[in-house]
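# Tertiary structure, described
Okay, here's what each chain looks like letter by letter:
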Amino acid sequence: MNRKMLIAGNWKMHKTPDETEEFITAFVARYQERPGTDVLIIPPFTSLDRAGRLLVGTEITLGAQDLYYEEEGAYTGEIAPHMLRACGCTYALVGHSERRALFNEDDAVVNRKLRATINAGLTALLCVGETLTEHRAGKVEKRIIAELTRDLAGVTHDDMAHVVIAYEPIWAIGTGETATPEEAQATIKLIRGWVATAYNDQTAAAVQILYGGSVKPGNAAALLGQPDIDGALVGGASLDPESFIQIADASLDR
Ligand code: PGA
């Protein structure tokens, strides 16, 4: 199974619509597309419409950082999945550790958001990962399997074609620390093994699993060279077109 690489840039709370336009213009002018690698940018909500218009006619895909699971109604401040599609999004992040930790999203909410994402025809980019305490206590497997089990509850084999998993050790996000390529490979292999048990071998062989947490131009090639790592979810280093291009260029042509 030759899985494609996916290089995703999560901009978090950075860039206005004008700054988004500047980034996309620079990126599109310089980036050479390759058939084995998909590029995804994930700007804040306020930039999505502008980004969607600018990306028409390119192969670069667009995603949202979050969504709400209802279709419409009296939910002040929330954004529905179909609204994201209307802006040109094909992906949405679900369960990022910052949403879980800072905005109290538990697995039940993550699960509802994930199912709403798939039902709206978007691909869910589900983030899982352990804290430093869990990492030091050797509880990585326990934490990750608990998250996967709860977050993917009720998700069918067919639905799994619309799920990408990102393994993001929380202690590596924004800290400059990364899991070693071997550690990341081992945990991602474990995730793939869980998918094989919960679904089947075919689904496990097909699902894209990314690594995230301080991915930079200097460490991308070693991480992306691991057999089970199918791409990167990049925060800080995705804000600059040059460094994001260097990371995308480090992906393999499998
Ligand atoms: P970072 O963020 O690359 O800045 O560590 C990764 C993420 O949170 O997705």
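Below is a short write-up of the structure. (Residues numbered from 1 in each chain as written. Predicted model: local features only at pLDDT ≥ 70, side-chain atom pairs only at ≥ 80, totals over all residues. Heavy atoms only, no water.)

### A few points about the site of the ligand
Around the ligand, the surrounding shell holds 13 residues, and the nearest of these are Lys12, His96, Glu168, Gly174 and Ser214. Here an oxygen atom of the ligand sits 2.7 Å away from a polar atom, N or O, in the side chain of Lys12. Separating an oxygen atom of the ligand from a side-chain N or O atom of Glu168 is a distance of 2.7 Å. Look at the ligand: alone it shows 290 Å² of surface, and the protein chains cover 97% of it. Each residue belonging to the shell around the ligand can be placed in one class, and the counts come to four nonpolar, seven polar and two charged. (Near = heavy atom within 4 Å. Polar contact = N/O pair within 3.5 Å; in protein donor to acceptor, adjacent residues only side chain to side chain. Areas by Shrake-Rupley, 256 points an atom, 1.4 Å probe, with all protein chains shown as cover. Nonpolar A, V, L, I, M, F, W, Y, C, P; charged D, E, K, R; others polar.)

### Some remarks on the nonpolar core
Counting residues in each nonpolar core, the largest one holds 64 residues, and the members touching the most others are Ile41, Leu148, Leu152, Ile165 and Tyr211. Of all the elements, helix H8 (residues 181-198) adds the most residues to this core, at five residues. Setting aside residues up to four positions removed in sequence, Ile41 forms contacts with Gly9, Trp11, Phe23, Ile24, Leu55, Ile60, Thr61, Leu62, Gly63 and Phe244. Core analysis: the next-biggest nonpolar cluster, separate from the first, contains twelve residues, Leu40, Val164, Ala166 and Leu233 among them. (Core = buried A, V, L, I, M, F, W, Y, C linked by side-chain atoms within 4.5 Å. Buried < 20%, exposed > 50% of the residue type's maximum accessible area, 1.4 Å probe, protein only. Helix = DSSP H or I, 4+ residues; strand = E, 2+ residues; numbered from the N terminus. Contact = heavy atoms within 4.5 Å.)

### Comments concerning the pairing of strand S5 (residues 123-128)
In terms of burial, S5 is largely enclosed, as six of its six residues are buried. Burial along S5 is two-sided: the face carrying Thr123, Leu125 and Cys127 and the face carrying Ala124, Leu126 and Val128 are both buried. Where strand S4 (residues 91-94) meets S5, four bridges bridge the pair, whose relative direction is parallel. The residue bridging Val94 from the neighbouring strand is Leu126, located in S5. Two strands pair when backbone bridges link them, and S5 and strand S6 (residues 163-167) are joined in this way by five bridges, in the parallel orientation. Bridge pairing links Ala124 to Val163 in S6. (Pairing = 2+ DSSP bridges.)

### Some details on the pattern of salt bridges
One pass over the structure, following the stated rule, counts 21 salt bridges. Taking the shortest distance from any N to any O, the salt bridge between Glu147 and Arg143 comes out at 3.0 Å. Highlighted residues: Glu147 and Arg143, both in helix H7 (residues 140-151), separated by four residues, approximately one helical turn. Accessibility classification places Glu147 together with Arg143 in one group, the buried group. Within this structure, Arg100, Asp107, Glu134, Arg143, Glu147, Arg150 and Asp151 form a network of salt bridges that share partners. (Salt bridge = Lys/Arg side-chain N within 4 Å of Asp/Glu carboxyl O.)

### Let's talk about the sheet that holds strand S7 (residues 209-212)
Taken together, the eight strands give a closed barrel; going around it, the order is S1-S2-S3-S4-S5-S6-S7-S8, and neighbouring strands pair in parallel fashion. On average, each strand axis in the sheet is tilted by 25° relative to the strand beside it, whichever way the strands run. Across two bridges, strand S3 (residues 61-64) lies against S4 in parallel orientation. What sits directly across from Gly63, in S4, is Tyr91. Those strands touched by H7 are S5 and S6, and its axis lies near 150° from that of S5. (Axes fitted to C-alpha atoms, helices over the stretch in contact; angles between N-to-C directions.)

### With respect to helix H5 (residues 107-119)
Think of an α-helix as turning once every 3.6 residues; residues three or four places apart then point the same way. Over its 13 residues, H5 runs 18 Å from end to end, which matches the ideal 18 Å to within 8%, given 1.5 Å per residue. Looking only at H5, the buried set comprises Asp107, Val110, Asn111, Lys113, Leu114, Ala116, Thr117 and Ile118. Buried residues along H5 sit in contact with helix H3 (81-86), S4, helix H4 (97-102), S5, H7 and S6. (Expected span 1.5 Å × (residues − 1).)

### Comments concerning the packing of aromatic side chains
The full count for this structure, using the stated rule, is nine aromatic pairs. Between Phe23 and Phe244, the aromatic rings sit 6.4 Å apart at their centres with planes inclined by 50°, giving tilted as the arrangement. You can see Phe23 sitting in helix H1 (residues 17-30) and its partner Phe244 sitting in helix H11 (residues 241-249), a full 221 residues away along the chain. Judged by relative accessible area, Phe244 falls into the buried class, the value being 0%. Through a chain of ring-to-ring contacts, three or more aromatic side chains come together here, namely Trp11, Phe23, Phe27, Tyr31 and Phe244. Lying over the aromatic face of Trp11, Lys15 brings its terminal NZ or CZ to 5.4 Å of the ring centre. Residue placement shows Arg99 over the ring face of Phe103; its charged tip is 4.2 Å from the ring centre. (Phe/Tyr/Trp six-rings, centres within 6.5 Å; stacked < 30°, edge-to-face > 60°. Lys NZ or Arg CZ within 6 Å of the ring centre and 35° of its normal.)

### Some points on the pairing of S3
The side chains of a regular strand alternate, first on one face of the sheet and then on the other. Going residue by residue along S3, you find Thr61 and Gly63 tucked away on one face and Leu62 and Ala64 tucked away on the opposite face as well. Where strand S2 (residues 37-42) lies against S3, two bridges are found, and the strand directions are parallel. Its bridge partner lying in S3, Leu40 is registered against Thr61. Note that the unit made of S2, helix H2 (residues 45-55) and S3 has a crossover that is right-handed. (Right-handed = clockwise from strand over helix to strand, strands pointing away.)

None of this, on its own, says anything about what the molecule does.
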